[in-house]
Amino acid sequence: MTVATTNGTAKKAAPANTRKVRFRIKRCDGPNKLVRWETFELSIAKGENVISCLQKIAANPVTTEGKRSTPVVWDCSCLEEVCGSCTMVINGQVRQSCSALIDVIAPDDGDTVRLEPMSKFPVIRDLWVDRSRMFDALKRVKAWVPIDGTYDLGAGPRERPEDQAVRYALSECMTCGCCLEACPQFDLAADESEWNDSFIGAQALSQARLFNLHETGARLKSDRLEALMGPDGVSECGNAQNCVKVCPKHIPLTESIAAVGRSTTLYAISKWFSGK
Amino acid sequence: MTQQQRVIVVGGGLAGLAGSARMAEAGLAVDLFSLVPVKRSHSVCAQGGINACNEVARQQGYSEYEHFDETIYGGDFLADQHPVLEMANWAPRIIDLLDRMGVPFNRTAEGYRDLRLFGGSLFKRTHFSGATTGQQLLYALDEQVRRLEADGAVTKYESWEFLRPILADGTNGPRCVGIVAQDLRTMQIRAFRADAVVMATGGAGLVFGKSTNSVICTGAALARCYQAGAAYANPEMIQVHPTAVPGADKLRLMSESARGEGGRVWVPRKKGDSRPARDIPEAERLYFLEEKYPKYGNIVPRDIATREIFDICVNQHMGVDGGNQVYLDLTHKDPEYLTRKLGGIMDIYQKFVGVDPRYEPMKIFPGVHYSMGGLWTQYTAGSYAPSEPQPAHVSGSPTACDAEIGRGMLPGAPNNMMTNIEGLYAFGEVNFAFHGANRLGANALLSCIFDGLFSGVGVANYIRDGAPSTTPAESIAQSVFDSAVGAETSRQKTITDTATGGDHADETNPYIIAKEMGEEMTAGCTVVREEKRLQKTLDKIAELQDRWARMKLADGATWTNQSLSFARSVGDMLTVAEAMACGAKARKESRGAHYRIDYPDRDDAKFMKTTFVTFDAGEGRARVEHREVRAELVAPRARTYGKVDKEEPAKAEAAAAGV
């Protein structure tokens, strides 16, 4: 029985009710500590996911060598693919671990699931990485609508349904980091001082486009475009198109990058003409 | 207000973010603490929508007052009424504000905000953004707070855990002057001074093991305030949603529109029948809701559906494969139709269960979903003071009260949503206010944002005019803060000292203790309650508390020790569980979500009262009393189950769709 797809859709008949599955996990006690691999074996029932398996390991962290280890540290919260917390690399693919069903990724008795932290963000411990760089990027592109305070000033601008549909698709971004993990241009820049010189990535580029599409949000359009015209900006995209393939929310990231590229070009030209 | 006066907000969901934005605007320095990056808060999970009166509904005869009346009735008359009126009056303004912030609300052809029908009302008064309204509202507030953060007005402490409130002596009793918190990466424990502290830490679903809550919703923060002297109100009021999808790790919400669109609930007639669903012929299927309620069938109201499903599985042992699950079957419908009407939720089921509900029946079971109870809070009533409580509002008739600001609560009053501890506030799900004994669908997103925006002003006024103006937190002796840090450091050490390696018996394994707590609470303290069964639950909690006191930690690391944080929370969760079970035992009636098989009727004379629980530190136990509900605005009436369902099935679809 072969694994069908990476998007969690089961295509074959259900596997046996209980079987043994091994979890080979890349562990690390802290930043700059040595990496080691540990393997745990679990009895798996139907309907489990990587989360339920990590929970079982936490309750009884004994490796296949009989060594008593410690619970694996990992990041998760909603367990239903809306919060973006549980990103990790599973059998070489970056994805959310809550939607990684064992019946799909390891359907046979004796299968192994390999778990690793994302490689593009500094490891805090085990599978938990520090993605504060993504939130910093949102500040750099001013990913907000500059309203006049939280006073009652009536409704926002009217909006056509088709425009709402475009904005909604972009606004589903849950800052999970899959796009950055898959991007060949995005580097691990462990230190904050390196962030401004390193490619900002699809996530922030798409968010910039989102806020430029809003009537009030567009007040900050020139600020956003300026932020994306540097050596870390949109020109660094190499068009690999990995981002759009791995995005769990199917956000049209390459469309966003193209749109931002076009906007920055027009903006640069208009600046040149206006002399500002 | 001097430069140094600060407010701490614990929790970065809708309530915490709305409060942070409003208080920063009022000139306070805001320190915002969250277990996770704030845009990953549990508010992100809400699907359904957010309620508010609106122009279309208004012209059809609806009003803010009717929204208020619906909410009081939906809550089975347990909520203090004034805050609900203020919330309903503010609701349209809140939608407008979130709209201005950029929330991509669904739009009509003309470009106005679209509306849908939802549980508890015959009017379209629910605004939505795709299938992820909570996420979109949360992101809008997250963006506004990020802007304030960029300006230096808000400082965030993400991946920090709140450990306890710090109390100093005030003129009228203890006063909150800060918190002790821990950086979950470095494990550093330190004190933070503040002139007021706002708890916005959500509900306590994890106490039940599996729920629709995120893993961060432990109720530990509430427990830590409660153990410091804050009162816990109506802890027994827990909403159990009828249709959740059981999973190995959590219960995922399956929207009620599935039943509204014709979904049928059934189990095999033969106990333990192990045949696949499609092999069981019609005659051998027990459509128990249809048989027991011939008039409403599968779209009986939420409470009833939950109780029946529970009874079939837990008491009659007739669940699918003998387990806690029943079939929710849509396979008799046209797959194209299902994709069109219910595509989003079909996808969720398929993604997490790996089965296409168009061709195979879904397996569902009721799941703990929302905590109506929480920290007790007070308020100052507003200008609406009828000479006597009003009867049920009739749609379209003149409203007993208009929608002006300040009718329900006095805006800016420093005690709005303040707990019984001076300077300690509760906003959002952790606040017991608004929802009484049962929350109306799509009212939670509203109450959380309302708390932050409305009562945030009161916090600023308290700091400017109250005790902090004469004795700011900055002036309180350092020893107060040091001793609080010392207490937490020593509590932690007691736990980490147990990490001596060696065997981890289930007896002392915190993960197993938590699992047993969840199983016991789900079995004994959710849908159907009874005196002796609740006592059994309390006995089990006592046993688990004893085992927890002897627990052994599996990880003694001094860096990013996730299992330490979890193990410590288990003790707090047991404290919450005890309060819940005590509250349930003391309420000898049935009301809203609280159903006692030994007291099946509502008893207004004895129990139209708030369960008010305080922690007896000496005994280590809950102390339960009952306090008067402030019910001056609407007179109680029978909560007849047929009321929203007596219209044709088209309307019933809407009524059943409350999430």
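Remember, it's a predicted structure, so these values are computed and weren't measured experimentally. (Residues numbered from 1 in each chain as written. Chains lettered and ligands numbered in written order. Predicted model: local features only at pLDDT ≥ 70, side-chain atom pairs only at ≥ 80, totals over all residues.)

We now examine the overall build of chain B. Of regular secondary structure, chain B possesses 18 helices and 20 strands. Based on the C-alpha atoms only, the size of chain B along its principal axes is roughly 75 × 65 × 50 Å. Burial statistics for chain B: of 659 residues in total, 61% are counted as buried. Long-range pairs, those at least 24 residues apart, make up 76% of the contacts in chain B between residues at least 6 apart in sequence. (Helix = DSSP H or I, 4+ residues; strand = E, 2+ residues; numbered from the N terminus. Buried ≥ 20, exposed ≤ 12 C-beta atoms within 10 Å, placed from the backbone. Contact = placed C-beta atoms within 7 Å.)

So, on to the overall build of chain A. A count of helices and strands for chain A gives nine helices and seven strands. Along the first, second and third principal axes, the C-alpha atoms of chain A reach 70 × 40 × 40 Å. Sorting the 276 residues of chain A into buried and exposed places 51% on the buried side. Within chain A, counting contacts between residues at least 6 apart in sequence, those at least 24 apart form 68% of the total.

Residue and element names in this part refer to chain B. The strand order across the open sheet formed by six strands is β12-β11-β16-β15-β13-β14, and the pairing between neighbours is antiparallel. Unpaired on one side and paired on the other, β12 (251-253) and β14 (285-286) mark the two borders of the sheet. Two elements, strand β15 (residues 326-329) and strand β16 (residues 362-371), share three bridges in a ladder whose sense is antiparallel. Bridge assignment links Leu 328 to a residue of β16, and that residue is Met 362. (Pairing = 2+ DSSP bridges.)

Residue and element names in this part refer to chain B. Overall, parallel pairing links the five strands, which are arranged β5-β2-β1-β9-β18 in an open sheet. Since the sheet does not close on itself, it has two edges, and those belong to β5 (154-158) and β18 (424-426), each with one partner. Averaged over all adjacent pairs, the angle separating strand axes in this sheet is 20°, with direction ignored. Examined bridge by bridge, strand β1 (residues 6-10) and strand β2 (residues 29-34) share five bridges and lie parallel to one another. The residue bridging Val 9 from the neighbouring strand is Leu 32, located in β2. (Axes fitted to C-alpha atoms, helices over the stretch in contact; angles between N-to-C directions.)

Residue and element names in this part refer to chain A. Here helix α6 (residues 202-212) crosses helix α9 (residues 253-274) at 65°, and the two axes come no closer than 8 Å. Comparing the axis directions of α6 and α9 gives the class roughly perpendicular. Judged by the sense of rotation from one axis to the other, the crossing of α6 with α9 is left-handed. For the pair α6 and α9, contact is made by Ala 202, Leu 205, Ser 206, Ala 208, Arg 209 and Asn 212 and by Leu 253, Ser 256, Ile 257, Ala 259, Val 260 and Ser 263, respectively. Its residues assigned to classes, the contact of α6 with α9 shows seven nonpolar, four polar and one charged. (Parallel < 35°, antiparallel > 145°, perpendicular 65-115°, else oblique. Left-handed = near helix turned anticlockwise from the far one by under 90°. Nonpolar A, V, L, I, M, F, W, Y, C, P; charged D, E, K, R; others polar.)

Below, the discussion takes up the environment of B:Glu520. All names here are of chain B. With respect to the helices and strands, Glu 520 occurs in helix α14 (residues 510-524). Each C-alpha atom of the pair Glu 520 and Arg 58 lies 46 Å from the other, and the pair is 462 residues apart in sequence. The contact partners of Glu 520, leaving out residues within four places of it in the chain, are Thr 537 and Lys 540.

What follows covers the domain arrangement of chain B. The parts lose accessible area when they come together, and the size of an interface is often stated as this lost area. All names here are of chain B. For chain B, the domain assignment lists domain 1 (241-368) and domain 2 (478-607). Taken over C-alpha atoms, the centre of domain 1 sits 31 Å from the centre of domain 2. The partner domain 2 presents six residues to the seven residues of domain 1 that form the contact. Counting only elements with at least two residues in the side of domain 1 that touches domain 2, the list comes to α9 (302-315) and β16. The greatest single-element share of the side of domain 1 that touches domain 2, amounting to five residues, is contributed by α9. Taken together, the residues of the side of domain 1 that touches domain 2 break down into four nonpolar, one polar and two charged. (Domains from an automatic or database assignment.)

Bringing the nonpolar core into the picture now. All names here are of chain B. Val 7, Val 10, Ile 94, Val 198, Met 199 and Val 326 are the most contacted members of the largest nonpolar core, which has 284 residues in total. Here this core takes 13 residues from helix α16 (residues 562-586), the largest share from any one element. When near neighbours in sequence (up to four residues on either side) are disregarded, Val 326 contacts Val 265, Trp 266, Val 267, Ile 309, Ile 312, Cys 313, Gly 319, Val 320, Ile 364 and Phe 365. (Core = buried A, V, L, I, M, F, W, Y, C linked by C-beta atoms within 7 Å.)

Moving on, we come to the confidence of the model for chain A. Here chain A averages 93 in pLDDT, while 94% of its residues score no lower than 70. This stretch, residues 1-14 of chain A, has a pLDDT under 50; its non-local contacts, to residues over four places away or in other chains, come to 25 contacts. (pLDDT = per-residue confidence, 0-100.)

Residue and element names in this part refer to chain A. You can read the domains of chain A as domain 1 (18-125) and domain 2 (131-274). Between the C-alpha centres of domain 1 and domain 2 there is a distance of 31 Å. Tallying the contact residues gives 13 residues for domain 1 and 15 residues for domain 2. Broken down by element, the residue count for the side of domain 1 that touches domain 2 peaks at three residues, all from strand β4 (residues 93-96). Residue composition of the side of domain 1 that touches domain 2, by class: six nonpolar, four polar and three charged.

The next thing to look at is helix α5 (residues 133-150) of chain B. All names here are of chain B. With 18 residues, α5 should reach 26 Å at 1.5 Å per residue; the first-to-last C-alpha distance of 26 Å fits that figure. Summarising burial for α5: 16 of the 18 residues are buried, a large majority. Once α5 ends, the next one or two residues include Gly 152, with phi positive near 85°. (Expected span 1.5 Å × (residues − 1).)

On to the interface of chain B and chain A. Facing the 62 residues of chain B at the interface are 62 residues of chain A. Elements supplying a minimum of two residues to the side of chain B that touches chain A: α1 (14-25), α4 (81-100), α5, α10 (335-353), α14 and α16 of chain B. At eight residues, α5(B) tops the list of elements feeding residues into the side of chain B that touches chain A.

Take unusual backbone geometry next. Glycine aside, residues mostly have negative phi, and peptide bonds are mostly found in the trans state. All names here are of chain A. Phi is positive for His 250, which is not a glycine, with a value near 55°. Mapping His 250 onto the fold places it in the loop between α8 (242-246) and α9. Classification of His 250 as exposed rests on a count of 11 C-beta atoms within 10 Å.

On the secondary structure map, B:Asp169 appears in strand β6 (residues 160-170). A sequence separation of 307 residues divides B:Asp169 from B:Ile476, and the C-alpha atoms of the two residues are 9.6 Å apart.

Moving on, we come to the confidence of the model for chain B. The share of residues in chain B with pLDDT of 70 or more is 95%, and the mean pLDDT across the chain is 92. In the model output, the complex is listed with pTM 0.93 alongside ipTM 0.93.

Where a strand is regular, its side chains alternate between the two sheet faces. Residue and element names in this part refer to chain B. Across eight bridges, strand β19 (residues 609-616) lies against strand β20 (residues 621-628) in antiparallel orientation. The residue bridging Lys 609 from the neighbouring strand is Glu 628, located in β20. A loop of four residues connects β19 with β20, the two strands running antiparallel in sequence, and Gly 620 in this loop sits at a positive phi of about 70°.

This brings us to the pairing of β2(B). All names here are of chain B. For β2, the tally of buried residues reaches five of six residues, placing the bulk of the element in the interior. In this fold, the crossover linking β1 to β2 by way of α1 has right-handed handedness. With five bridges connecting them, β2 and β5 associate as parallel partners. Bridge pairing links Asp 31 to Thr 155 in β5. (Right-handed = clockwise from strand over helix to strand, strands pointing away.)

A word on α6(A). Residue and element names in this part refer to chain A. Within α6, 11 of the 11 residues are buried, which leaves it mostly tucked inside the rest of the structure. Among all positions of α6, only Ala 202, Gln 203, Ala 204, Leu 205, Ser 206, Gln 207, Ala 208, Arg 209, Leu 210, Phe 211 and Asn 212 are buried. Lining the buried residues of α6 we find α3 (132-140), α4 (161-171), α5 (178-182), α7 (221-227), α8 and α9.

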